[in-house]
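Next come the chains, spelled out residue by residue.
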Amino acid sequence: MTTKISFRGVSKTFALKDTDFLALDRVDLDIADREFVTVVGPSGCGKSTLMSMAAGLVEPGTGEILLDGAPVAGPGPDRGVIFQQYALFPWLTVRKNVEFGLNLAPVPAQERRERAQRAIDLVGLTDFADALPKTLSGGMKQRCAIARAYAVNPKVLLMDEPFGALDALTRVQLQDQLLDTWSQERRTVMFITHDVDEAVYLANRVIVMAARPGRVHRVIDVDLPYPRTEELRLSPEFARIRNEVWHSVYHQTSAHAE
Amino acid sequence: MTALSVSQRPGDPPAPRRRRARRPARGIVLNVVAVAAGLAAWTGLSASGIQGLTGPVEVAVRGAELIADGTLTADLLASLRRVFTGFALGTALAVPVGFLMGWYATARALIEPYVQFFRTIPPLAIIPLAILLMGIGETPKVFVIFLAAFLSSVVATFQGVMDVDKTLINAARVLGASDRVIFLKVVVPASTPFIIVGMRVGLGAAWGTLVAAELIAAQEGLGYRMQQAQLYYDLPTIFVGLISIGVLGLAMDRLLQLAERRLTGWQERR
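Owing to the predicted nature of the structure, the values given are computational and were not obtained by experimental measurement.

Once that is clear, we can look at the overall build of chain A. Assigned secondary structure in chain A consists of eight helices and 10 strands. Radius of gyration (C-alpha) of chain A: 18 Å, near the 18 Å computed for a compact globule of 258 residues. Principal-axis analysis of the C-alpha atoms gives chain A an extent of 55 × 45 × 40 Å. Counting every position in chain A, which comprises 258 residues, the buried fraction comes to 46%. Taking the contacts inside chain A whose residues are at least 6 apart along the sequence as the reference set, 71% of them involve residues at least 24 apart.

Sheet faces and side chains relate simply in a regular strand, where the side chains alternate between the two faces. Residues and elements named next belong to chain A. Pairing of strand β1 (residues 3-15) with strand β2 (residues 20-32), which is carried by nine bridges, proceeds in the antiparallel orientation. Of the residues in β2, the one forming a bridge with Val 10 is Val 27. Taken together, β1 and the strand that follows it, β2, pair antiparallel across an intervening segment of four residues. As judged from the five bridges shared by β1 and strand β4 (residues 62-67), these two strands associate in the antiparallel manner. Residue pairing in the sheet places Ser 6 in a bridge with Leu 66 of β4.

In this section: the sheet that holds strand β6 (residues 79-82) of chain A. Residue and element names in this part refer to chain A. Spatial ordering of the open sheet is given by β6-β7-β8-β3-β9-β10, a layout of six strands whose pairing is mixed. In this open sheet, the two edge strands, each paired with only one partner strand, are β6 and β10 (215-221). When strand polarity is set aside, the average angle formed by the axes of neighbouring strands in this sheet is 20 degrees.

Below, the discussion takes up the interface of chain A and chain B. When the parts come together, some accessible area is lost, and that loss is often what is quoted as the size of the interface. Across the contact, 21 residues belong to chain A and 16 residues belong to chain B. Elements with a contribution of two residues or more to the side of chain A that touches chain B: β6 and α2 (94-104) of chain A. Looking at the side of chain A that touches chain B, the element that brings in the most residues is α2(A), giving three residues. In the side of chain A that touches chain B, the residues fall into 15 nonpolar, four polar and two charged.

So, about the packing of helix α4 (residues 71-103) of chain B against helix α5 (residues 105-120) of chain B. Residue and element names in this part refer to chain B. In the contact formed by α4 and α5, the axes pass within 6 Å of each other and the chain directions differ by 125 degrees. When the axis of α4 is compared with that of α5, the two are oblique. Where α4 abuts α5, its residues Val 97, Leu 100 and Met 101 lie against Ala 107, Arg 108, Ile 111 and Glu 112. Of the residues belonging to the contact of α4 with α5, the class tally is five nonpolar, no polar and two charged.

The next thing to look at is the domain arrangement of chain A. Residue and element names in this part refer to chain A. Parsing chain A into structural domains produces domain 1 (1-78 + 155-258) and domain 2 (86-153). If you average the C-alpha positions of domain 1 and of domain 2, the two centres end up 25 Å apart. If you look at the interface, domain 1 gives 14 residues, while domain 2 gives 13 residues. When residues of the side of domain 1 that touches domain 2 are assigned to their parent elements, the largest contribution, seven residues, is made by helix α5 (residues 168-184).

Before going further, it helps to spend a moment on the packing of helix α8 (residues 166-174) of chain B against helix α9 (residues 179-214) of chain B. Residues and elements named next belong to chain B. Running from N to C, α8 and α9 point in directions that differ by 150 degrees, and their axes come no closer than 10 Å. Classified by the interaxial angle, the pair formed by α8 and α9 is roughly antiparallel. Read as a crossing pair, α8 and α9 show a hand that is right-handed. Residues Leu 168, Ile 169, Ala 172 and Arg 173 of α8 pack against Val 181, Ile 182, Lys 185, Val 186 and Ala 190 of α9. Within the contact of α8 with α9, the residues separate by chemical class into seven nonpolar, no polar and two charged.

The subject of this paragraph is the nonpolar core. Counting 130 residues, the largest nonpolar core has Ala54(A), Ala147(A), Met190(A), Val206(A), Val245(A), Ile145(B) and Ala206(B) as its most contacted members. Counting only domains with at least three residues in this core, you end up with domain 1 (1-78 + 155-258) and domain 2 (86-153) of chain A.

Before going further, it helps to spend a moment on the sheet that holds β1(A). Residue and element names in this part refer to chain A. Strand order in the open sheet formed by four strands is β2-β1-β4-β5, with antiparallel pairing between adjacent strands. A single partner strand is all that each edge strand has here, and the edge strands are β2 and β5 (70-71). Note that β4 and β5 share two bridges and pair antiparallel. The residue bridging Leu 67 from the neighbouring strand is Ala 70, located in β5. In this fold helix α1 (residues 47-55) packs onto β1, β2 and β4, with an angle of close to 60 degrees to the strand it touches most, β2.

All names here are of chain A. Counting buried residues along strand β8 (residues 188-193), six of its six residues qualify, which places the element largely inside the surrounding structure. Of the two faces of β8, both are covered, the one formed by Thr 188, Met 190 and Ile 192 as well as the one formed by Val 189, Phe 191 and Thr 193. By the bridge criterion, five bridges tie strand β3 (residues 36-40) to β8 in an arrangement that is parallel. Across the sheet, Val 39 pairs through a bridge with Ile 192, a residue of β8. The sheet contact formed by strand β7 (residues 156-160) and β8 spans five bridges and is parallel. Each bridged residue has a counterpart across the sheet, and for Val 156 the counterpart in β8 is Thr 188. Taking the sense of rotation as the criterion, the β-α-β connection linking β7, α5 and β8 turns out right-handed.

The next subject is unusual backbone geometry. Residues and elements named next belong to chain A. Look at the link from Arg 212 to Pro 213: it is a cis peptide, with omega at -5 degrees. Residues Tyr 226 and Pro 227 are joined by a peptide bond in cis, for which omega reads -5 degrees. Even without glycine at this site, Glu 161 takes up a positive phi of about 45 degrees. Looking at the secondary structure, you find Glu 161 in the loop between β7 and α5. The backbone of Arg 212 shows a phi angle near 50 degrees, a positive value even though the residue is not glycine. Position of Arg 212 relative to the elements: it lies in the loop between β9 (205-210) and β10.

In this section: the environment of Leu39(B). Looking at the element boundaries, Leu39(B) is found in helix α2 (residues 17-47). In this structure, the C-alpha to C-alpha distance between Leu39(B) and Ala218(B), residues 179 residues apart in sequence, is 32 Å.

A few words on the environment of Thr181(A). With respect to the helices and strands, Thr181(A) occurs in helix α5. In contact with Thr181(A), not counting residues within four places along its chain, are Leu122(A), Val123(A) and Ile146(A).

What counts and what doesn't
Residues numbered from 1 in each chain as written. Chains lettered and ligands numbered in written order. Predicted model: local features only at pLDDT ≥ 70, side-chain atom pairs only at ≥ 80, totals over all residues. Helix = DSSP H or I, 4+ residues; strand = E, 2+ residues; numbered from the N terminus. Rg over C-alpha atoms; globule rule 2.2 N^0.38 Å. Buried ≥ 20, exposed ≤ 12 C-beta atoms within 10 Å, placed from the backbone. Contact = placed C-beta atoms within 7 Å. Pairing = 2+ DSSP bridges. Axes fitted to C-alpha atoms, helices over the stretch in contact; angles between N-to-C directions. Nonpolar A, V, L, I, M, F, W, Y, C, P; charged D, E, K, R; others polar. Parallel < 35°, antiparallel > 145°, perpendicular 65-115°, else oblique. Domains from an automatic or database assignment. Left-handed = near helix turned anticlockwise from the far one by under 90°. Core = buried A, V, L, I, M, F, W, Y, C linked by C-beta atoms within 7 Å. Right-handed = clockwise from strand over helix to strand, strands pointing away.

Spelled out as structure tokens, the structure:
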């Protein structure tokens, strides 16, 4: 498998009032092409910072991030980002939101409409294409955001706790829908979460991070087949991996003394 | 009244239709009742013989006379022309300056001291200076109104630009938007609600400055007419002037409110 994104010795320090806070300490991580990786860890472990760096919204202090072997310099449409707060443009309809990124690229009008429609259909918002975000539920808003990211055909999807603000039921539905979308149009996904179940259910590989300083604690492979089903979610194999991830998230022995 | 009418609007989508349909009707009935009660109280007060206070009927008669001889229309047009010129110039300058201040920290640091300083001076206090520097023609009147409108809307605009949700800017950026596109497609629409609120405040300020501005040797206008009436102890004319100013101000505010609903109906209200 070819490597899609590669974090090479990435560190980041934030200046606090009187001390420097080491948010990330020499993170090395490779994500393969079309892999679905989830990153889970306690708050303050720098998982969101890691993602923002891949998105090009935050610069690494030291080290570098490579996308297809080329260093990331600033944000770009080759990496679609999905934020926890949906970040839909509230004055635009679902369709116009999805077309926003397409309008920025030299895409002919006809193709733009078709691609937007396809992305909207993909996330099941066909009937709401001309609705304003304020009329949508949280789950639908996030599906719209996913459609917007998919429409520009990114190589990588970066998702920052996208289902964090949703209720447990909606969250499970959206997990299935995301996997459904992903299996239809497979991309490399880096998915940040603090929910262990979610991390295991979605991923090929779970990256468990540790805090103070933020670093990769363990990498756990999820050897479960896709499509993931409810049956699988309730199976003993799932429980075993889930327990393993849970344990390494909640019982981290501090590797570095503070 | 601005805050009231905003909060009155039914906000949350889930419990909508019936309430939305019934409420305005009930509100209008109550509005009419309130106005009628006010007129009755006024009639009562003038009948009970407060020294020189005229009743609504006399005022209505004087209003009809002033309309018939064309004085009221001429005064209204003169006043409206001043308010609109000052207001239009003020907001036309306030919006770009506000954007500049909100978007560039350098511009903010350079301009803000002046804005904050002049905001503390009541526009009316500028009048003596304006007369000395600009004479007694239209210029000083329009200038004072312009200043009042400009200062109130510039602050609202730049606050609006500064308050644009950073996540929206990031969302546009990761879709490949340049700074120019982010400004035009994200910052401008996102700050529209603030700009319109600023314009409403600016309009109120412009209207509030008008009468005083018209005290500067005007030949016509509502303020001038009221001042003349004061000299001749002509209370009905003063009342006609006051009511005209109130009604016009209200009508203009309603127009802006309509524009606000049109332009910012996408907002989620909680």
